[in-house]
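Structural description and commentary
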Amino acid sequence: MCGKYLAVFLCLVVFGASAAAGEFVPFVIPARQNERSVIAMESVPIRGEQDRVTVKDGHFSAAGERIRFWGVNLSFGANLPGHKDAEEIARRLAAAGINSVRCHHMDSARWPRGWWNAADGKTIEPEAFDRLDYFIDQLAKNGVYVDLNLHVGREHSRYIGLPTANRKYDKISNIFTPAIIEAQKGFARQVLGHVNKYRNVTYARDPAIAIVEITNENSFFMWSAEETLRTLPDYYAKILQGQYNSWLGKEYGSTRKLSAVWGREARPLGESVLRNGDFGVFAAEQKVPNSWILEQHSGSQAQSAPTKYKGVDCVELKPTAVRGTDWHLQFNQSLIKLEEGKYYTVTFRAAGEKKRSINCNVSEAHEPWGNMGLSRKVELTDGWRIYRFGFVAKSDDDNARLTFVFGGDEAKVYLADVKFQPGGLEGLGRTESVEKGTVRLYADSETTQRVIDRMRFLADTEKAYFDDMRNYIQKEMSSRSLVTGTIVFGPLGMYAQSDMDFIDAHAYWQHPRFPNRPWDAGDWLIEQKAMTDHPDEATLFRLAAERLADKPFTVTEYNHPAPLDSQAECVPMLASFAAAQDWDGVWLYTYSHSGDQWDRRVLSSYFDIDTNPAKWGFVRAAAAIFGEGQIGPLGGKRIVGIGQGSDVIAGLAARHLRHGGDMFGIIAQEARLSRANLLSTQVAVQVGGMEGRSQFDSRSRVDWTVDDNGKGLYFAAGRGGWVLTGHAERIKAATEGLVEIETPEFVAVTVSALDGADLYNSRKVLVAACGRCENVGMKFSADRRTVGRQWGVAPVRIETAKGRFRLTVGRWKCQALSPDGVPTGDVPVLRDNDGEIFEISGKYKTMWYLLRRIDK
């Protein structure tokens, strides 16, 4: 990493094998911007059409220059602050280098947490519009653009008298149901046609509203979508089946032709490969069927026994201690041999002591325990039913396993006659007819062509929805904002978004899990894993693979939630990786959820960053690193073509069958790209296009390694900044021993030139360093995976870094900064034959140090 343009070096060293703790000090970054801050960024107002954001050469552009969005989300009531608060928030955001906010979840709640009136939720509250109008005006005056979300949580079906859908927020059903689509257009008309009285322009024509998003995280190909589609209520199922049969009629013309095509791969069932699938032989001492395993994890317990239930000989699975996590109780058989691309059918009889659900899946019986093609939720009643599931094996494996997962409920489960058979493919059913509209969307065991055709239909339907909504917004509503539909969900989801103005994605590292009740604030878990230590699981590579060539690419939600001990890695890693991959926008989730608690002095939730110095404390540095390009794009660029051939969608569907939504898995297989390759090469996907490669000069570099002890180090450097996250003991070698630091053991550090110059010529450099971040009195569980509701009290504190920096170029003055960005005193800078040295430590009670060059 040494060189002319890396004029400031850091090496962090921890002595001893155990983790060394840094000193915790209060670091409350004020909600009100101090005009005397020496690190605040100067902003330029959004003046009018000349500052309209457009797309040029595959990137965002404004006022004739490329613009990168470095932004934050605002959630629920945080979008609707009072006028005085709106002024303060806009100033604070701009001073930190934020140039965009994403207005999220306004449609999900009633006033004052959302748009809708508190009485009946049918109309927009006038004061909500007034507050948003004023806020947008203040944001624009401070150079901050708006990303307006049209649909996040609104259940239009409820307000137009439709049956309740089977997924929250009308997700999936609002893609194909005509009445809900019309309701979405009506809402878009109401919002985009609204005149902002402070700006004298409609939302549709306001250059400050740079982006409009159609619907949040919503696709036929999203997580659990298949289960949603299989279990649609009758009203919605009939609509979708009707559309499917119309599509099949246009594609094939007749039932006879459809039957011939779908029936080409039909195969009879072979012999079951399971041992003791009828549970006729039991290990008497344990009462577990021979060849089967009863797995019990994390305190969950169960018993198995032979029994007769309602006249059927079977095995009884009886949970005796349930912790609320499904996979903690599993009943499985391993050593099943699978052949890649071969079709298999799993059948079994099952019942429950009462109505309950289990999961049936086929996966690897060894690390990394990946799914092999089957994962189905099974709804049980107290009566016997035969279940039949078919799947195509994703890869060869001599040790796969069939698993029944049942740890989510205390009710007993009964299983009988379990079979795992090769074959079983069926084409068109005897009673199915295109002319009569009776072809089902899903059948029990389907030929590959039937599956591919369903995926083609869903992709066409989804793309038609998004294209129609974009056309409505931009043409019928005359909006000049850029429009995207939703985030990428695999290759077919990417196809559906391919005609949007830009492509979007979301990711979270260690999102909180709620083992019993969704979003229970007192019952949640976060795994204490640093992403720096786990590059093979990292979110960043998956995101990189979701970029579409020749389109701007954004990540509008991202976070490493509190109270992760490693949460300080979040902002530096994201900003530097996005800069190196040359992305176009990043929005952290979320600035705040609250509309009236702006002066909090505590870390108050998993996601809110406005009072979290481990996140907000790095935002200004990241604005330079990403927003101003102080770490530039990597020197290699690779375009990976997927779906080539005469039928692009069929090719994408085949990839979806193999990889699901894993775009990185697709590019890894087809272009032989590894995660290590993405540390030196930008990547993008071309749907239906050809592969391309290019190379150009770059001063940027990213290194990411893990040693034999599992300790990771992430190091990104460019012309005007660098980022380091990870274990201190590894950094001495990486930085050639130029600086040593004693604590903390895990640290995040940024060095960024604030004057736009490279580090060699900069006169103003910000150094930020932080370990953990906690409130006073925060009560962690023994494994540090939760604090429940015990978040502690003010003030929020940071774990400071103690160590030395060597400056190899120039003469410098160093000052420690207070949380409002004002110098609190000089930090001694000593000179020797090799340059200058300054030390940081807890005695300065800060994570910010400002260097000013004094020899120029």
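Predicted model, so just to flag it, every value in this text is computed and none were measured. (Residues numbered from 1 in each chain as written. Predicted model: local features only at pLDDT ≥ 70, side-chain atom pairs only at ≥ 80, totals over all residues. Heavy atoms only, no water.)

What follows concerns the side chain of Glu 364. Here Glu 364 lies in strand β19 (residues 356-364). No salt bridge is formed by the buried Glu 364, whose closest oppositely charged neighbour, Arg 401, lies at an N-O distance of 9.1 Å. Here the side chain of Glu 364 touches Trp 369 through a polar contact of 3.3 Å, landing on its backbone nitrogen. In this view, Glu 364 contacts Trp 369, Gly 370, Met 372, Asp 397, Asn 399, Ala 400 and Arg 401; residues no more than four positions away in its chain are not counted. (Helix = DSSP H or I, 4+ residues; strand = E, 2+ residues; numbered from the N terminus. Buried < 20%, exposed > 50% of the residue type's maximum accessible area, 1.4 Å probe, protein only. Lys, Arg positive; Asp, Glu negative; His and termini not counted. Salt bridge = Lys/Arg side-chain N within 4 Å of Asp/Glu carboxyl O. Polar contact = N/O pair within 3.5 Å; in protein donor to acceptor, adjacent residues only side chain to side chain. Contact = heavy atoms within 4.5 Å.)

A few words now on the confidence of the model for the chain. Within the chain, residue pLDDT values average 94, and 97% of them lie at 70 or more. Confidence drops under pLDDT 50 across residues 1-19; counting only partners more than four residues distant or on other chains, this segment forms 79 contacts. (pLDDT = per-residue confidence, 0-100.)

Here Ser 157 shows up in helix α3 (residues 156-159). For Ser 157, a relative accessible area of 4% gives the class buried. It is 34 Å that separates the C-alpha atoms of Ser 157 and Glu 353, two residues lying 196 residues apart in sequence.

A few words now on unusual backbone geometry. Each neighbour pair has its own omega, and for Glu 367 with Pro 368 the value is 5°, a cis peptide bond. Assignment of secondary structure puts Pro 368 in the loop between β19 and β20 (371-380). Across the junction of Thr 743 and Pro 744, the peptide omega takes the value 0°, indicating a cis bond. In this structure, Pro 744 sits in the loop between β34 (741-743) and β35 (746-753). Of note in this structure, Tyr 169 is not a glycine but carries a positive phi near 65°. Look at Tyr 169 and you get partly exposed, because its relative accessible area is 26%. The backbone phi angle of Ser 224 is positive, close to 65°, even though this residue is not glycine. For Ser 224, the location among the structural elements is in the loop between β11 (209-213) and α6 (225-230).

What follows covers the pairing of strand β7 (residues 100-104). Buried residues dominate β7, accounting for five of its five residues. The alternating pattern of β7 places Ser 100, Arg 102 and His 104 and Val 101 and Cys 103 on opposite faces, both of which are buried. Bridge analysis of strand β6 (residues 69-75) against β7 gives five bridges, and the strand direction is parallel. When the bridges of β7 are listed, Gly 71 appears paired with Ser 100. Considered for its hand, the β-α-β crossover made up of β6, helix α1 (residues 83-95) and β7 is right-handed. Relative to strand β8 (residues 145-149), β7 is paired through four bridges, and the arrangement is parallel. The partner of Cys 103 across the bridge, within β8, is Leu 148. After leaving β7, the chain enters helix α2 (residues 126-141) and then returns to the sheet as β8, a path that is right-handed. (Pairing = 2+ DSSP bridges. Right-handed = clockwise from strand over helix to strand, strands pointing away.)

On to helix α8 (residues 255-262). Listing the buried residues of α8 in full gives Thr 255, Leu 258, Val 261 and Trp 262. Down the axis of α8, the sector holding all buried residues measures 130°, keeping them to one side. (Arc of directions from axis to C-beta.)

What follows covers helix α7 (residues 234-252). Count 3.6 residues to each turn of an α-helix, and residues three or four apart come out pointing the same way. Here α7 is 19 residues long and its end C-alpha atoms lie 26 Å apart, about the 27 Å a rise of 1.5 Å per residue gives. Three or more residues of α7 are buried, namely Tyr 236, Leu 240, Tyr 244, Asn 245, Trp 247, Leu 248 and Tyr 252. Viewed along the axis of α7, the buried residues span an arc of 160°, placing them on a single side of the element. Among the exposed residues of α7, those pointing more than 90 degrees away from its buried face are Lys 238 and Lys 250. Residues of α7 that are buried sit in contact with α3, α4 (173-176), α5 (178-192), α6, α8 and α9 (448-476). (Expected span 1.5 Å × (residues − 1).)

By size, the foremost hydrophobic cluster in this structure holds 196 residues, and its most contacted members are Trp 70, Trp 115, Leu 148, Trp 583 and Trp 616. It is α9 that provides the largest number of residues to this core, a total of eleven residues. Contacts of Trp 70, omitting those with residues within four sequence positions, involve Gly 97, Ile 98, Asn 99, Ser 100, Val 571, Ala 575, Val 586, Leu 588, Val 619, Ala 622, Ala 623 and Phe 626. The next biggest cluster of nonpolar side chains, apart from the first, holds 35 residues, and it includes Leu 338, Met 372, Leu 402 and Val 418. (Core = buried A, V, L, I, M, F, W, Y, C linked by side-chain atoms within 4.5 Å.)

What follows deals with the sheet that holds strand β3 (residues 54-56). Strand pairing in a sheet relies on backbone hydrogen bonds. The paired strands run either parallel or antiparallel. An order of β3-β4-β5 is seen for the three strands of this open sheet, with the pairing classed as antiparallel. Unpaired on one side and paired on the other, β3 and β5 (65-66) mark the two borders of the sheet. Sheet topology note: the β3/strand β4 (residues 59-62) ladder contains three bridges and is antiparallel. Note that in β4 the partner of Lys 56 across the bridge is His 59.

Read from one edge of the open sheet, three strands run β2-β38-β37, paired in antiparallel fashion. Looking along the sheet, the strands with just one partner apiece sit at the ends: β2 (24-26) and β37 (773-776). Mean inter-strand twist for the sheet, computed between neighbouring axes without regard to direction, equals 40°. (Axes fitted to C-alpha atoms, helices over the stretch in contact; angles between N-to-C directions.)

In contact at an axis separation of 10 Å, α7 and α9 are set at 110° when each is read in the N-to-C sense. Judged by the inter-axis angle, α7 sits roughly perpendicular to α9. Residues Leu 240, Gln 243, Tyr 244, Trp 247, Glu 251 and Tyr 252 of α7 form the contact with α9, whose own contacting residues are Gln 449, Arg 450, Asp 453, Arg 454, Arg 456, Phe 457, Asp 460 and Thr 461. Among the residues forming the contact of α7 with α9, the class breakdown is five nonpolar, three polar and six charged. (Parallel < 35°, antiparallel > 145°, perpendicular 65-115°, else oblique. Nonpolar A, V, L, I, M, F, W, Y, C, P; charged D, E, K, R; others polar.)

Before going further, it helps to examine the packing of aromatic side chains. Counted under the stated rule, the structure contains 50 aromatic pairs. Pairing Phe 60 with Phe 69 gives two aromatic rings, centres 5.3 Å apart and planes at 50°, and the pair type is tilted. The exposure classification of Phe 60 matches that of Phe 69, with both residues buried. Seen in terms of ring centroids, Phe 60 and Phe 502 are 5.5 Å apart; in terms of plane orientation they differ by 80°. Their pairing is edge-to-face. One end of the pair, Phe 60, is in strand β4; the other, Phe 502, is in the loop between α10 (490-496) and β25 (503-508), and 442 residues separate them in sequence. (Phe/Tyr/Trp six-rings, centres within 6.5 Å; stacked < 30°, edge-to-face > 60°.)

The full count for this structure, using the stated rule, is zero disulfides. Cysteine Cys 360 shares no disulfide, and the gap to the nearest cysteine sulfur, in Cys 314, comes to 17 Å. The class for Cys 360 is buried, based on a relative accessible area of 0%. (Disulfide = S-S within 2.5 Å.)

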